[in-house]
Amino acid sequence: MSQRTLVLLKPDCLERRLAGTILARFERKGFRIVGMKLMSVTPEIAAQHYAEHVSKPFYPNLLKYITSDPVVAVCLEGRDVVSVVRKMVGVTKGYLAEPGTIRGDFSISGQKNLVHASDSPESAERETAIFFKPEELVTWKTSDSDYLLSESEKTE
Ligand code: CMP
């Protein structure tokens, strides 16, 4: 089923010049970029995005980290994109993440884990609305869909 998800390339990803490398993984898998922007996360945006973490002891550190440098917000579209991107990203802590995942290959930190990816279709909808206005998302199709999916899969 075609869905959209929100990915954030976090400040450590940009500091380490890994934005292109990581974005390329999602593109190569077959996902389409439908929104993308470089931006600073304000404390207000952070509180909205991390609403479930605001009262946790690590939130002050998380806030400092996510507002320290720009992020790239990306909205990706494609088949089962929410769960597939989560698998590609790996578990939260880089030192526990499986090799082959983004965090498993590039992060050894529990906090500086390079990327955020929505954990459910509901979170994806909520989080995408925090980072993008509806008119900033572009509806389009890539011309390689005949090679990415079978005829029957295209209508699933
Ligand atoms: P993510 O899972 O994308 O969203 C919540 C973020 O909070 C998480 O990535 C980490 O960057 C950060 N985080 C989660 N747990 C901790 C923790 N115990 N200490 C510091 N940062 C954390």
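Overview of the structure. Computed from a predicted model, the values in this text were never measured in an experiment.

**Some remarks on the sheet that holds strand 2 (residues 32–39)**
Part 1 of the argument: Taking strand neighbours across the sheet as the criterion, the 4 strands line up as 2-3-1-4 in an open arrangement whose pairing is antiparallel. Taken across any chain shown, the strands that pair with only one partner, and hence form the sheet edges, are strand 2 and strand 4 (115–117). On average, each strand axis in the sheet is tilted by 20° relative to the strand beside it, whichever way the strands run.
Part 2 of the argument: Pairing between strand 1 (residues 2–9) and strand 3 (residues 71–79): 8 bridges, direction antiparallel. Residue pairing in the sheet places T5 in a bridge with L76 of strand 3.
Part 3 of the argument: The sheet contacts of helix 5 (residues 81–89) involve strand 1, strand 3 and strand 4, and relative to strand 1 the element is tilted by about 35°.
Part 4 of the argument: Strand contacts of helix 7 (residues 121–131): strand 1, strand 2, strand 3 and strand 4, with the helix running at about 55° to strand 1, the strand carrying the most contacts.

**Notes on the site of the ligand**
Part 1 of the argument: Surveying the vicinity of the ligand reveals 13 residues, the closest of which are K10, Y50, Q111, N113 and H116.
Part 2 of the argument: At a separation of 3.1 Å, an oxygen atom of the ligand approaches a polar side-chain atom of N113.
Part 3 of the argument: Contacts to the ligand include H116, whose side-chain N or O atom sits 3.1 Å from an oxygen atom.
Part 4 of the argument: In isolation the ligand has 460 Å² of accessible area, and contact with the protein removes 78% of it.
Part 5 of the argument: Among the detected pockets, the ligand sits in the largest pocket.
Part 6 of the argument: When the residues that make up the shell around the ligand are grouped by side-chain class, the tally is 5 nonpolar, 6 polar and 2 charged.

Calculation notes
Residues numbered from 1 in each chain as written. Predicted model: local features only at pLDDT ≥ 70, side-chain atom pairs only at ≥ 80, totals over all residues. Heavy atoms only, no water. Pairing = 2+ DSSP bridges. Helix = DSSP H or I, 4+ residues; strand = E, 2+ residues; numbered from the N terminus. Axes fitted to C-alpha atoms, helices over the stretch in contact; angles between N-to-C directions. Contact = heavy atoms within 4.5 Å. Near = heavy atom within 4 Å. Polar contact = N/O pair within 3.5 Å; in protein donor to acceptor, adjacent residues only side chain to side chain. Areas by Shrake-Rupley, 256 points an atom, 1.4 Å probe, with all protein chains shown as cover. 1 Å grid on protein atoms, 1.4 Å probe; cavity = no way out; pocket = protein on both sides within 12 Å on 5 of 7 lines; lining within 4 Å. Sits in = over half its atoms within 2 Å of the grid points. Nonpolar A, V, L, I, M, F, W, Y, C, P; charged D, E, K, R; others polar.

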